[in-house]
Amino acid sequence: MSDQQRLEDETPQSTSVMGEIIRYVVILGILGFGVWHYYLRTPVHNIDCKTIGETMGTDFAVKVHGFPEHGDWNAVETAIKQTLNGVDRTMSTFKPDSDVCRFNASTSTDWFPVSKETAEVVRLALDVSKLTGGTFDITVAPLVDLWGFGPGREPLDLPTIEKRAAELKPRIGFDKLEVRLDPPALKKSVPELSIDLSAIAKGYAVDRVAKVLDNHRIADYMIEVGGEVRCKGNKGGMGEWTIGIEKPWSDASADFGGLQRKIQLGNRGLATSGNARNFRELNGTRFSHIIDPRTGFPTEKLLPGEASPPERLASVSVIDTTCARADALATAMFVLGEKDGLALAEQQGLAVLFLCCGESKDGREPSIREAVSKTFP
């Protein structure tokens with residue numbers, strides 16, 4: 001066969017291949033034009049979305065600005081609720097199959113397997129314990145139960161409680177607890193040691209929801225779980241999200257209402273600890289739900305402020321990069337009190353607001369005094 005004949009035989013096949021290539025290029029070009037026209041030429045409308053509900057024995061709310069109108073908000077909402085339920089399921093002191101309840105029920109001093117999330121929270125809790133000299137301590141669970149703020153709510157009998165608090169001290173202390181992340185596990189040096197994550201878990205839940213929204217590339221949102229808050233981005237043309245800090249009252253029956261401050265968080269978390277809503281009374285004395293690990297007693301006390309009549313520390317608010325850390329620090333600062341708390345805040349560059357409340361007389365609104373660290377907005 002001659003070279004000319006071979007060339008003539010191959011030409012139809014080459015032409016066919018070239019035709020296929022041209023056809024595919026034309027199809028891709030049409031598809032590309034369609035995508036460009038829909039996403040770049042067609043206006044995309046954004047809407048505001050919100051989901052609310054109950055979790056961890058309290059309420060939650062998530063607000064999003066600028067969610068794409070054709071986006072799948074149901075998928076985001078489902079992921080939010082699954083995340084909150086997951087934190088509650090692993091860290092609850094009321095669910096027998098949670099990591100916390102199973103660890104507390106165990107008397108083994110070997111490594112006890114837990115979820116990665118529980119290990120992360122315990123590690124952060126121990127870091128805050130070391131930073132604050134043990135004024136934040138998740139091993140106070142027996143004392144929380146003793147004073148009637150745990151799963152059981154027994155009648156208070158002060159002499160009995162004082163005696164039992166002293167008996168419980170040897171089994172309390174963050175130095176008796178260890179944590180590892182790989183594989184995730186906890187370890188107790190005292191068989192009776194137990195933990196309570198209620199002073200950090202809500203803040204952690206907020207951070208987990210923030211991660212869900214970030215994974216869905218949502219840029220502007222506000223998350224609140226039981227009063228612990230985290231924000232990111234803006235609320236439309238109104239600028240950054242504005243968060244209010246409520247006025248606290250020493251008289252829980254008072255109904256004065258109102259906000260003490262409005263602040264813009266930026267991309268940070270805010271947590272507040274106080275005794276205005278969660279307390280018990282015995283013989284006219286109110287006991288805070290916040291326990292001082294150093295004494296074994298609630299932190300309810302009068303402060304030597306300048307105001308008259310005598311005032312008491314009503315709430316402490318902390319702003320931090322994560323809501324979980326802010327949550328733990330707010331509790332620690334409440335236990336430390338105004339003087340020592342402010343000293344630590346200034347030393348560590350923490351953003352802290354102490355609100356001290358006077359007594360209400362003749363139904364009049366009581367005075368509120370602020371003590372603020374330099375970095376608090």
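Residues numbered from 1 in each chain as written. Predicted model: local features only at pLDDT ≥ 70, side-chain atom pairs only at ≥ 80, totals over all residues. Heavy atoms only, no water.

In terms of helices and strands, the protein carries eight helices and 18 strands. Burial statistics for the protein: of 377 residues in total, 44% are counted as buried. Accessible area for the protein stands at about 19,700 Å²; split by element, carbon and sulfur atoms hold 51% of it. (Helix = DSSP H or I, 4+ residues; strand = E, 2+ residues; numbered from the N terminus. Buried < 20%, exposed > 50% of the residue type's maximum accessible area, 1.4 Å probe, protein only. Areas by Shrake-Rupley, 256 points an atom, 1.4 Å probe, with all protein chains shown as cover.)

Right, let's get into helix α8 (residues 323-348). Counted at 1.5 Å a residue, the expected span for α8 with its 26 residues is 38 Å, but the 17 Å between its end C-alpha atoms falls short. Taking the largest bend as the criterion, α8 deviates by roughly 125°, centred on Gly 337. Burial within α8 is extensive, with 19 of its 26 residues counted as buried. At the N-terminal end of α8, a side-chain oxygen is found 3.2 Å from the backbone nitrogen of Arg 325, two or three residues along, and the residue is Thr 322. Directly beyond the C-terminal end of α8, a positive phi value near 70° is found at Gly 349. (Expected span 1.5 Å × (residues − 1). Bend = angle between axes of the 7 residues up to and from the residue. Polar contact = N/O pair within 3.5 Å; in protein donor to acceptor, adjacent residues only side chain to side chain.)

Under the counting rule described, the total for this entry stands at ten salt bridges. The partner of Lys 95 in a salt bridge is Asp 88, and the shortest N-O contact between them spans 3.8 Å. The partly exposed category is assigned to Lys 95, whose relative accessible area is 33%. Asp 207 is the salt-bridge partner of Arg 230, the closest N and O atoms lying 2.7 Å from each other. Taken together, the positions of Arg 230 in strand β7 (residues 228-232) and Asp 207 in helix α7 (residues 201-215) put the pair 23 residues apart, joining distant regions of the chain. Taken as a pair, Arg 230 and Asp 207 share a single burial class, namely buried. (Salt bridge = Lys/Arg side-chain N within 4 Å of Asp/Glu carboxyl O.)

It is worth spelling out the nonpolar core at this point. Of all hydrophobic cores here, the largest spans 68 residues; its most connected members are Ile 80, Leu 177, Ile 195, Leu 197, Leu 213 and Met 333. Tallying contributions element by element places α8 first for this core, with 14 residues. Each residue touching Met 333, except ones within four places of it in the same chain, is listed here: Val 316, Val 318, Gly 341, Leu 344, Ala 345, Leu 350, Val 352 and Phe 354. Counting 14 residues, the second-largest nonpolar core is a separate cluster that includes Leu 265, Leu 270, Ala 351 and Leu 353. (Core = buried A, V, L, I, M, F, W, Y, C linked by side-chain atoms within 4.5 Å. Contact = heavy atoms within 4.5 Å.)

Further remarks concern the environment of Leu 168. Turning to its location among the elements, Leu 168 is positioned in helix α6 (residues 158-168). Residues Leu 168 and Pro 142 lie 26 residues apart in sequence; the distance between their C-alpha atoms is 7.3 Å. Those residues in contact with Leu 168 that sit more than four places away from it in its chain are Pro 142, Leu 143 and Leu 146.

Let's shift gears to the packing of aromatic side chains. Centre distance and the angle of the planes are the two values used to describe a pair of aromatic rings. Under the defined criterion, the tally for this structure stands at three aromatic pairs. Pairing Phe 103 with Phe 112 gives two aromatic rings, centres 5.7 Å apart and planes at 70°, and the pair type is edge-to-face. Both residues of the pair, Phe 103 and Phe 112, belong to the buried class. (Phe/Tyr/Trp six-rings, centres within 6.5 Å; stacked < 30°, edge-to-face > 60°.)

Closest axis-to-axis distance for the α7/α8 pair is 7 Å, and the angle between their directions is 165°. Relative to α8, α7 is oriented roughly antiparallel. Viewed along their axes, α7 and α8 form a crossing whose handedness is right-handed. Taken together, the residues of α8 that come into contact with α7 (itself represented by Ala 201, Lys 202, Gly 203, Tyr 204, Val 206 and Asp 207) are Cys 323, Ala 324 and Asp 327. A class-by-class count of the residues in the contact of α7 with α8 yields five nonpolar, one polar and three charged. (Axes fitted to C-alpha atoms, helices over the stretch in contact; angles between N-to-C directions. Parallel < 35°, antiparallel > 145°, perpendicular 65-115°, else oblique. Left-handed = near helix turned anticlockwise from the far one by under 90°. Nonpolar A, V, L, I, M, F, W, Y, C, P; charged D, E, K, R; others polar.)

Another point: unusual backbone geometry. Residue Asp 182 is joined to Pro 183 through a cis peptide bond whose omega torsion reads -10°. Residue position: Pro 183 is located in the loop between β4 (177-181) and β5 (184-188). One non-glycine residue, Met 56, lies in positive phi territory at about 55°. Within the secondary structure layout, Met 56 lies in the loop between β1 (46-55) and β2 (58-68).

A word on the sheet that holds β5. Here three strands make up an open sheet; going across it, the order is β3-β5-β4 and the pairing antiparallel. Two strands in the sheet have a free side with no partner beyond their single neighbour: β3 (112-113) and β4. Relative to β5, β3 runs antiparallel, the two sharing two bridges. Paired with Phe 112 across the strands is Leu 186, a residue of β5. Each of β4 and β5 is contacted by helix α4 (residues 116-131), which is oriented at about 130° to β4, the strand it contacts most. (Pairing = 2+ DSSP bridges.)

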